[in-house]
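Given next are the chains, with one letter for each unit.
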Amino acid sequence: MMDFSKKRVLIIDDSPAMCSSLRNTLSNFGISRCETSNSGNEAVFRIRQRAFDIIVCDYCLGEGSDGQQILEQLRRGGLIAPSVAFLMVTAERGYEKVVSCAELAPDDYLLKPFTAETMRLRLERVFEKKATFAVIYELLDQGNAVDAILECDRLLALRSKFTIDLIRMKGELLISLDRHEEARVLYEQVISARAIPWARIGLAKTLSMAGLGEEAIETLELAIEDNPQYLEAYDLLAKEHESKGSTELAQAVLEKAVEISPQTLSRQTRVGEIAYRNGDLVKAKRAFGIVVDKGRYSFFRSPNDFISLSRVHLDEGQHDKALAVVTDAKKSFDKTPELEMATSVMESLIHHGANNETAAKQALQNALDIKEKTGVLLPNSSSLDMAKSCFLNDKVEEGRTLVKDMVSNFYDDEQVQNTVRQMLEKVGRAEEVANLVDNSVRDVVKLNNEGVMLAKKGDLAGAIELLVSAAKRMPQNVQVALNAAHALIVDSDRNGWNETNMNMARYFLREHAAKHGNLEKYKKINELMKDVGLKFGVKMA
Amino acid sequence: MSLIDTANIDVKTIIALNVHEVKNLMALLMFKLDEVQSTELAIAESRLLCHRVNDCMERMLLLFNLESERLRPNIADYSPADFVDEFVRNAQVLAGSRIKIVKAVELAPSYWFFDRDLVEMAMMNAIHNALRFARHEIKISAYEANQMLVLEVTDDGAGYAEDLLADPATAIMQTSQGLGLYLANAIAQLHVNKDRQGQLLLHNNEHPRGAVFSLQLP
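The residue numbering used here restarts from 1 in each chain and proceeds along that chain's sequence as written. Working convention: letters from A go to chains and numbers from 1 go to ligands, in the order in which they are written. Where totals are concerned, whole chains, interfaces and linings use all residues; where local detail is concerned, this predicted model gives features only for residues with pLDDT of at least 70, and gives and counts side-chain atom pairs only at 80 or more.

## Overview of the overall build of chain A
Move 1: Per the convention used, a helix needs a DSSP run of H or I reaching at least four residues, while a strand needs a run of E reaching at least two, with both numbered from the N terminus. Helix and strand content of chain A: 26 helices and 5 strands.
Move 2: Throughout, radius of gyration means the C-alpha value; the globule benchmark is 2.2 Å times the number of residues raised to the power 0.38. Relative to its length of 541 residues, chain A is compact, with a C-alpha radius of gyration of 26 Å against a globular reference of 24 Å.
Move 3: Once the C-alpha set of chain A is aligned to its principal axes, its extents read approximately 75 × 60 × 45 Å.
Move 4: Out of the 541 residues belonging to chain A, those deemed buried represent 44%. Labels follow a simple rule on C-beta atoms placed from the backbone: if 20 or more others lie within 10 Å of a residue's own, it is buried; if 12 or fewer, it is exposed; otherwise it is partly exposed.

Here it is in structure tokens:
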């Protein structure tokens, strides 16, 4: 029997009777350090304060909160380590549907009623599995996915009961490293034994990565037909349709997913966004309305949803409603420069729509002042609004600059460029599209080349000046950021250690690590940074 | 005037709420019984009764779900050895010193794909029946045969009634044991892998005498 006496446990259940019963049961396994919590929020508060080894959480927590939300909040927020055992307890047989379809699953779940013995055995299994995966998690924690895959292979050769879990892990790691060919073979093997949903999803991802969009769509449609509850399949399918330009199909697919699981607000937001882009104001309003309404007490709520809802009201000519939503946003969130800027931009557009020119100009000026003073960046949609407001309120030069920055920032994103085009047409500046959009893309490429040329010619200071300021202006542009980092590092290598420059290089790399960490160029520059660090005896992790 | 206008009651919601409540109460009851450290026969019998009450409720819910065709198995990979181990340990608690529980998992594959919750329900039902009818021993085994995972419960009781084995379809609807078997078969049939479907096989052993409940999952 496993020794549980050192484990620290937190029980989360809205029924005090159940809490005390579970606590008694656990004490029979030798667990003495056991705390209980009757609400999700309080539980999260406790977990922030101290580390637990085992969390036993009831799915039904009352008052619109459930165990799955707690789990997602804990895992996404990095509040619990992979070594923590999270057990979900539920009286709903329907929960198995939730768990089999959720992207984040608990380590195991127990259907009520269950015996003390079953609970003990399940806990033992969870820790047995965690022990098996410990080395993999450690390697991943060090960012070493390559060796983690080798460890998967080593464990797979043992043909244990964890074979399928190991294959799943290996597949995800291969995908994260862009090794989609290998991943595809792996998933095809699993599917030939059993067409389990996650293997189909994995296969679809690898097909999409290989540029086989049609095949990916076919695979996803098959997965949905067999398991209509598996929501990740809808998300991927919508993405595939969207990348093919079938935005209406994409919207329909997402709407179906939302019908199955209306609680997932992030997907509602996506429905709202795509409906808005499709000009479907009724559906956009409905989706954003739900997000704003239901998200009021959610951990993941964002002012952006309020702004989106307000924008739909404005487009429908409902100025009072639009303004009310903006006021609501101001009341609902802490006052930050970002919030003030985004709400001011929206207000300027609403006032302009209501022919209240003075107020419109004033609100826009306020937003521009904050931008000037703090340099904070807004989400795309709000940046676009700001540019639009500039054009409408006689700040044409500012508008042009904003548009240029936006396009250069997303020089390889056609969707962004299209929305910019549409906006320019709306404000009666269709004739400027060529100059602002197409030229900006060309300018970025030119600027990038110029920077690289300067560096090659040995003018590192010139290259740094050009590229660093460009990288700051267009933080999403990975090419500019990588070239800037490269110039900064080479400078230290040749001319001696420059702490500020090296930190900046590291910052640029980190900002793009999640999305572009697998690019060959990224890896090379990252290695160079470490090497130069070594040369000067400084650890650059 | 009546306090509540019955026309406004959503029966389905109320049933669901009550089922939820009953399960929570059953969970509390089981925990309470597990806390009692006693070898008294009455306690062991109370435990088994508690589990059988739960079986009955689960059967009703499953039947309801089958009726409304909402049942889709959630197939994932599990270790059959671990799975059987859980039944054996729980059966040992229920059997007390009265009946010996034997486990045979040496020939089980290291993993298999099935719906753990549904198969658990079918197996629990079989084990609870075996605990009622066995004289000295129950064997719970898992092994692979003809590319099927076979999960078996064998007891040394009087065996299944002859008319049940001869005409399961008729016999099955007449007793609560029969309903359990019907549902176990339905659960097995929900397991489909390519062109093969799961099934429940029942037979009696002669030497020694006893019932064999055999769930076959592709």
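## Looking at the sheet that holds strand β2 (residues 33-37) of chain A
Through backbone hydrogen bonds, the strands of a sheet pair up, either in parallel or in antiparallel fashion.
Residues and elements named next belong to chain A.
Move 1: Strand order in the open sheet formed by 5 strands is β2-β1-β3-β4-β5, with parallel pairing between adjacent strands. Each edge of the sheet is formed by a strand with only one pairing partner; in this case those strands are β2 and β5 (108-111). For this sheet, the mean inter-axis angle between neighbouring strands, taken without regard to orientation, is 20°.
Move 2: Two strands pair when backbone bridges link them, and strand β1 (residues 8-12) and β2 are joined in this way by 5 bridges, in the parallel orientation. By the bridge assignment for β2, R8 is matched with R33. Paired strands are those between which DSSP finds at least two bridges. Axis definition: a line fitted to C-alpha atoms, limited for helices to the stretch in contact. Angles are taken between N-to-C directions and run from 0 to 180 degrees.

## Comments concerning the pairing of strand β4 (residues 137-145) of chain B
All names here are of chain B.
Move 1: Where strand β2 (residues 100-104) and β4 come together, 5 bridges link them in parallel fashion. Among the inter-strand pairings, V102 is bridged to a residue of β4, identified as K139.
Move 2: Examined bridge by bridge, β4 and strand β5 (residues 148-155) share 8 bridges and lie antiparallel to one another. Among the inter-strand pairings, S141 is bridged to a residue of β5, identified as E152.
Move 3: In sequence, β4 turns back onto β5 through a hairpin of 2 residues, with N146 there showing a positive phi of about 50°.

## As for the nonpolar core
Move 1: Nonpolar cores are built from buried Ala, Val, Leu, Ile, Met, Phe, Trp, Tyr and Cys residues. These are joined into a set through C-beta atoms within 7 Å. With 135 residues, the main nonpolar core has A233(A), A122(B), M123(B) and I127(B) as its most contacted residues.
Move 2: Take this core: its biggest share by element is 10 residues, from helix α4 (residues 116-133) of chain B.
Move 3: By definition, residues are in contact whenever their C-beta atoms, placed on the basis of the backbone, come within 7 Å of each other. With near-sequence residues (within four places) excluded, I127(B) lies in contact with F87(B), A91(B), I140(B) and V153(B).
Move 4: If you look at the next biggest cluster of nonpolar residues, it comprises 38 residues, including F4(A), I11(A), I31(A) and M30(B).

## A word on the pairing of β5(A)
All names here are of chain A.
Move 1: Residues Y109 and L111 line the buried face of β5, whereas the alternating positions D108 and L110 sit on a face that is not buried.
Move 2: Relative to β5, strand β4 (residues 85-90) is paired through 4 bridges, and the arrangement is parallel. Among the inter-strand pairings, M88 is bridged to a residue of β5, identified as Y109.

## Comments concerning the sheet that holds β5(B)
Residues and elements named next belong to chain B.
Move 1: Strand order in the open sheet formed by 5 strands is β2-β4-β5-β9-β8, with mixed pairing between adjacent strands. Taken across any chain shown, the strands that pair with only one partner, and hence form the sheet edges, are β2 and β8 (199-205). Adjacent strand axes in the sheet meet at a mean angle of 15° when their direction is disregarded.
Move 2: Packed on one face of the sheet, helix α7 (residues 176-190) meets β8 and β9 (210-217) and runs near 135° to β8.

## With respect to α7(B)
Residues and elements named next belong to chain B.
Move 1: For a helix, the expected span equals 1.5 Å multiplied by the number of residues minus one. With 15 residues, α7 extends 21 Å from end C-alpha to end C-alpha; this agrees with the ideal 21 Å at 1.5 Å per step.
Move 2: Of the positions making up α7, those classed as buried are G180, L181, L183, A184, N185, I187 and A188.
Move 3: Where the residues of α7 are buried, they touch α2 (41-67), α4, α6 (168-172), β8 and β9.

## Some points on the interface of chain B and chain A
Move 1: Each side of the interface is counted separately: chain B has 28 residues, and chain A has 28 residues.
Move 2: Only α1 (11-35), α2, β1 (76-78) and α3 (80-95) of chain B provide two or more residues apiece to the side of chain B that touches chain A.
Move 3: Per-element tally for the side of chain B that touches chain A: the top contributor is α1(B), with 10 residues.
Move 4: Taken together, the residues of the side of chain B that touches chain A sort by class into 11 nonpolar, 8 polar and 9 charged. Put simply, Ala, Val, Leu, Ile, Met, Phe, Trp, Tyr, Cys and Pro go in the nonpolar bin, Asp, Glu, Lys and Arg in the charged bin, and everything else, Gly too, in the polar bin.

## What to know about helix α17 (residues 337-353) of chain A
All names here are of chain A.
Move 1: Taking 1.5 Å per residue as the helical rise, α17 with its 17 residues ought to reach 24 Å, and the 24 Å between its terminal C-alpha atoms agrees with that figure.
Move 2: In terms of burial, α17 is a largely internal element, 12 of the 17 residues being buried.
Move 3: Its buried side turned inward, α17 meets α15 (303-315), α16 (319-332), α18 (357-374) and α19 (380-392).
Move 4: A positive phi of about 60° marks N355, the residue just after α17.

## Digging into the confidence of the model for chain B
Move 1: The predicted model of chain B averages 88 in pLDDT, with 95% of residues at 70 or higher.
Move 2: Per the prediction output, this complex has pTM 0.79; the corresponding ipTM is 0.89. The quantity known as pLDDT measures the predictor's confidence residue by residue, on a range of 0 to 100.

## Considering unusual backbone geometry
Move 1: Each neighbour pair has its own omega, and for K112(A) with P113(A) the value is -5°, a cis peptide bond.
Move 2: Looking at where P113(A) falls in the secondary structure, it is placed in the loop between β5 and α5 (116-141).
Move 3: That bond from H207(B) to P208(B) is cis: its omega, 0°, falls within 30 degrees of zero.
Move 4: One non-glycine residue, R159(A), lies in positive phi territory at about 50°.
Move 5: With respect to the helices and strands, the residue R159(A) is situated in the loop between α6 (145-156) and α7 (163-176).
Move 6: Taking the number of C-beta atoms within 10 Å as the measure of exposure, R159(A) has 10 and is therefore exposed.
Move 7: Phi is positive for K194(B), close to 55°, though the residue is something other than glycine.

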